[in-house]
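# Observations on the model geometry
Residues per chain are reported as follows:
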Amino acid sequence: MLRKTLTLLFAVATVVCANAQQFKALLFTKTAGFHHTSIHEGVAGVRNLAARHNFTVDWQEDPSVFSEQRLKNFDVVIFLNTTGDILNAEQQTAFEKYIQSGKGWVGIHAAADTEYDWPWYTKMVGMMFHTHPAQQTAYLDVVDSNFPGLERFPKRMLWTDEWYEYQKPYKSNDLKFLITLDEKTYSAKTSKGNGMGDIHPIAWYHPYDGGRAFYTGLGHIGLVYSDQFFLDHLYGGIYWAATGKGVK
C-alpha cells in the first residue's frame, strides 16, 4: 500500500514538474488612439510562443490589472500595439513599482506611440514615435547577433513593415541597439520628417530603473506574427525581459 502511494505521489510530482511554466507574461493591448487590426494576429503569435517555449500568457485589455497585487503574478509585461493614454495615475505608479522590483517590459511597435505625457514610461521605451511613411520594403541590419533570438537572424535582411521615425533626442541615452534600418533602401520622407540619418534604430534594449526593457519597432503587419524570424526575435526579447538571462 505504501509503495503504491509513493509511486502515485512520484507520478503526480513528475507531471507537475513537466507542466511547470518558465515564467508568466501579461499581454496588454489596450488602445486609446489608433487601433491596429494586427493586434489579434499578434495575440495569436504570442500565445503560440507561449505554447512553444513553455511560459504562461494572460491577455488583458482592462487596465485594472495594473495594481501592485495583480502585477506580482507576472515576470514580464508586454505592450502589443498599445496607443494613447491607457493607464491612470494609480496604475502608472503600480507599474513603476513593478519594474523597480526587478521585473521586465516588452514593447512592440506602437508601444512607442503610447503615454507621451508619462516621462518615466517614455524613458523606459527609449524613443517615442514621431511619424512614418507608407508601408514599404527596406533592409534591416542586425548589429548585435549575441542577443537572444537573433542568433539565426541574417546579418542583413529584406523586410516589409511600417517604418517608424522616432523623436529626437532619444528619451534614454543607454539604449543598446539590436537592429537598424537602412534608410537608403526605402523612401523615408513624409510631411513631418525625412528619416533619422545614418543610424535608424528599430529594435533595442536596456536595463531600466531596477528592471529590464526591450522594444522592437517591427510588428505593424499581421502576417509578421507568423514569420519565424520575427517570432524568434520577439521571444528573445520576452525571454530576456522576463528572466534577465541570455546577455553576457
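What you are looking at is a predicted structure, and each value in this text was computed from that prediction instead of being measured.

With 12 residues, helix α4 (residues 89–100) should reach 16 Å at 1.5 Å per residue; the first-to-last C-alpha distance of 17 Å fits that figure. When α4 is considered as a whole, its buried residues turn out to be Q91, Q92, A94, F95, Y98 and I99. The arc that holds every buried residue of α4, seen down its axis, measures 160 degrees, which confines them to one face. What points out from α4, more than 90 degrees from its buried face, is the exposed set A89 and E90.

Scanning the model with the defined rule gives 5 salt bridges in all. Residue K97 is joined to E68 by a salt bridge in which the shortest nitrogen-to-oxygen separation is 3.1 Å. With K97 in helix α4 and E68 in helix α3 (residues 68–71), this pair connects stretches of sequence that are 29 residues apart. Ionic pairing is found between K184 and D182, a salt bridge with its closest N-O pair at 3.3 Å. Here D182 falls in the buried class, since its relative accessible area comes to 10%. Taken together, the salt bridges that share partners define one network made up of D141, R156, D182 and K184.

Right, let's get into the layout of surface pockets. By volume, the largest pocket is sized at about 230 Å³. As for the largest pocket, its lining consists of N48, L49, R52, H53, G149, E151, R152, Q228, L231, D232, Y235 and G236. Broken down by secondary-structure element, the contributors of at least two residues to the lining of the largest pocket are α2 (39–53) and α6 (228–243). For the lining of the largest pocket, the element with the highest residue contribution is α6, accounting for 5 residues. Partitioning the lining of the largest pocket into residue classes produces 3 nonpolar, 5 polar and 4 charged.

Let us look at the nonpolar core. F66, F79, F95, W105 and Y121 are the most contacted members of the largest nonpolar core, which totals 77 residues. No other element matches α6, which puts 8 residues into this core. Residues in contact with F79, not counting those within four places in the same chain, are F28, F66, I86, F95, W105, V106, G107, I108, A111 and Y121.

A separate point is the environment of T83. Looking at where T83 falls in the secondary structure, it is placed in the loop between β3 (76–80) and α4. For the pair T83 and A112, spaced 29 residues apart in the sequence, the C-alpha separation amounts to 7.9 Å. Every residue in contact with T83, bar those within four places of it in the chain, is listed here: K30, T31, A32, G33, F34, A110, D113 and T114. A distance of 3.1 Å separates the side chain of T83 from the backbone nitrogen of G33, its partner in a polar contact.

It is worth spelling out the packing of aromatic side chains at this point. Under the defined criterion, the tally for this structure stands at 31 aromatic pairs. With a centroid separation of 4.8 Å and an interplanar angle of 20 degrees, the aromatic rings of F23 and F55 are classed as stacked. Taken together, the residues F23 in the loop between α1 (2–19) and β1 (24–28) and F55 in the loop between α2 and β2 (56–60) connect sequence positions 32 residues apart. There is no split in this pair, since F23 and F55 are both buried. Ring centres of F95 and Y98 lie 5.9 Å apart, and the angle between their planes is 15 degrees; this geometry places the pair in the stacked category. Remark: Y98 and F95 occur in helix α4; sequence separation between them is 3 residues, near one turn of the helix. As far as burial versus exposure is concerned, F95 and Y98 are alike and both buried. Joined through ring pairs, the aromatic side chains of F28, F66, F79, F95, Y98, W105, W118, W120, Y121 and Y208 make up one cluster. If you follow R156 out to its NZ or CZ, it ends over the ring of Y139, 4.3 Å from the centre.

What counts, and where the lines are drawn
Residues numbered from 1 in each chain as written. Predicted model: local features only at pLDDT ≥ 70, side-chain atom pairs only at ≥ 80, totals over all residues. Heavy atoms only, no water. Helix = DSSP H or I, 4+ residues; strand = E, 2+ residues; numbered from the N terminus. Expected span 1.5 Å × (residues − 1). Buried < 20%, exposed > 50% of the residue type's maximum accessible area, 1.4 Å probe, protein only. Arc of directions from axis to C-beta. Salt bridge = Lys/Arg side-chain N within 4 Å of Asp/Glu carboxyl O. 1 Å grid on protein atoms, 1.4 Å probe; cavity = no way out; pocket = protein on both sides within 12 Å on 5 of 7 lines; lining within 4 Å. Points joined across faces, edges and corners; volume = space filled by probe spheres on them. Nonpolar A, V, L, I, M, F, W, Y, C, P; charged D, E, K, R; others polar. Core = buried A, V, L, I, M, F, W, Y, C linked by side-chain atoms within 4.5 Å. Contact = heavy atoms within 4.5 Å. Polar contact = N/O pair within 3.5 Å; in protein donor to acceptor, adjacent residues only side chain to side chain. Phe/Tyr/Trp six-rings, centres within 6.5 Å; stacked < 30°, edge-to-face > 60°. Lys NZ or Arg CZ within 6 Å of the ring centre and 35° of its normal.

Taken by themselves, the reported measurements are silent on function.
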